[in-house]
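Here is how the chains run, residue by residue.
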Amino acid sequence: MKKTAQTVISADKYYTITAANGKVVEVADYNTENGAAIQLWDYAGEEWQQWSFVRAGDGVYRICNRFTGKMLDLIAGGVVDGTWVHQWEGASGSSQLWVLESTGDGRVKIKSNLSGKCLDVVGMNQENGARLQIWQDVGGENQTWTVAEAKAVKKAAVKAGIKTGLEGLAGQIPGLLEVHVYTEALPSSANADLMLDTTFTDAEALKGYSTHPAHVAVANGKVRPYTAVRTCLDFTV
C-alpha cells in the first residue's frame, strides 16, 4: 500500500501553501492594507508568502499571513462561485474560517467553512499573479494545495542568479553599453543586498531597456520575486 505524508499543523510554525503548478499563495506586492489581493507567485522565501494556521475550532482555522498579520478572507463575505479572496484584519466573521480536507495523496483542499466551497485559482491561470477565489468542489488540480513548513531560500544562490541574468543582457538590448551587478558589499552597506550599474547611450535607450522582452523576462523571473525594496537613481554625465 502506498503511503503519503500529511503535514501536521502546529500553532507555532509558518507554512507555505503551494498550488499544483509549484507557485505559492502570497499577499500581492507585500501590501499590508486591508483588502490587499491574494495571488500565486514563485516562492522566494519571503514572509508575505508564509502563513500560520490559527485554530478556531475542531479542524477549523484562520489563515494568517506572517508579514502582514492579516487573515485570508472572502471579499464581502461572499459565498457564491467566483467570490475572490483578499486579506483582512482578524475578525470574528465566518468569512475567515477555513477547513483543510485531505485528498489522500499528501495534499489538501482548503474549503471555506462558510460556503463549503474550495480555494481555487481564477481561470486555472498558471502564471505569476494568478488570483484566488472560491468555487464549488470539482476535484480539479487548481483546487488542491500542498501545505508544508516554510523553508528559507539561500540568498547567495538568488543573488548569483540575478547577476547572471542581468549581466547576460549585454549585447541583447540596443543602446545598453555596460551592465554590472555587484553582490559583495562591505559590512557598512548592510541595508542592501546588491547593486545594478548600467550605462546607456541616451535616455531613449534607457526607456527601451525597461520594456525590452529580454529584460522583462529576467526581471520577472529572477529579480522581482526576491525584491522587497528597490531604490533607483537615473542620471546623465
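Nothing here was measured: the structure is a model prediction, and the numbers come from that model.

(A) Structural view of the pattern of salt bridges. Summed over the entire model, instances satisfying the criterion amount to 11 salt bridges. Linking glutamate 47 and arginine 66 is a salt bridge whose minimum nitrogen-to-oxygen distance equals 4.0 Å. Placement of the pair is glutamate 47 in the loop between strand 3 (38-41) and strand 4 (51-57) and arginine 66 in the loop between strand 5 (60-65) and strand 6 (71-74), with a sequence separation of 19 residues. The exposure class assigned to arginine 66 is partly exposed, which follows from its relative accessible area of 35%. Residue lysine 163 pairs with glutamate 167 through a salt bridge whose shortest N-O separation is 2.9 Å. Of the two residues, lysine 163 and glutamate 167 are both situated in helix 1 (residues 155-167); the distance of four residues between them amounts to about one turn of the helix.

(B) Spatial organisation of unusual backbone geometry. Even without being glycine, tyrosine 30 reaches a positive phi, approximately 40 degrees. Tracing the chain through its elements places tyrosine 30 in the loop between strand 2 (24-27) and strand 3.

(C) Looking closely at the environment of alanine 157. Among the structural elements, alanine 157 can be located in helix 1. Accessibility expressed as a relative area gives 54% for alanine 157, which makes it exposed.

(D) Looking closely at the side chain of threonine 83. In this structure, threonine 83 sits in the loop between strand 6 and strand 7 (85-88). For threonine 83, the side chain forms a polar contact with the main-chain oxygen of valine 80, separated by 2.8 Å.

(E) Seen up close, the nonpolar core. If you look at the biggest cluster of nonpolar residues, it comprises 27 residues, and the most contacted ones within it are Trp98, Leu132 and Trp145. If we ignore the near neighbours within four places in the chain, the residues touching leucine 132 are Val25, Ile38, Leu40, Trp84, Val85, Leu119, Asp120, Val121, Val122 and Trp145. Core analysis: the next-biggest nonpolar cluster, separate from the first, contains 14 residues, Val158, Ile162, Leu169 and Phe200 among them.

(F) Structural context of the environment of isoleucine 173. Counting through the fold element by element, isoleucine 173 comes out in the loop between helix 1 and strand 13 (176-182). By relative accessible area, isoleucine 173 is classed as buried at 5%. Remark: the alpha-carbon pair of isoleucine 173 and glycine 93, spanning 80 residues in sequence, is separated by 52 Å. Not counting residues within four places of it along the chain, the set of residues in contact with isoleucine 173 comprises Tyr209, His212 and His215.

Conventions adopted
- Residues numbered from 1 in each chain as written.
- Predicted model: local features only at pLDDT ≥ 70, side-chain atom pairs only at ≥ 80, totals over all residues.
- Heavy atoms only, no water.
- Salt bridge = Lys/Arg side-chain N within 4 Å of Asp/Glu carboxyl O.
- Helix = DSSP H or I, 4+ residues; strand = E, 2+ residues; numbered from the N terminus.
- Buried < 20%, exposed > 50% of the residue type's maximum accessible area, 1.4 Å probe, protein only.
- Polar contact = N/O pair within 3.5 Å; in protein donor to acceptor, adjacent residues only side chain to side chain.
- Core = buried A, V, L, I, M, F, W, Y, C linked by side-chain atoms within 4.5 Å.
- Contact = heavy atoms within 4.5 Å.

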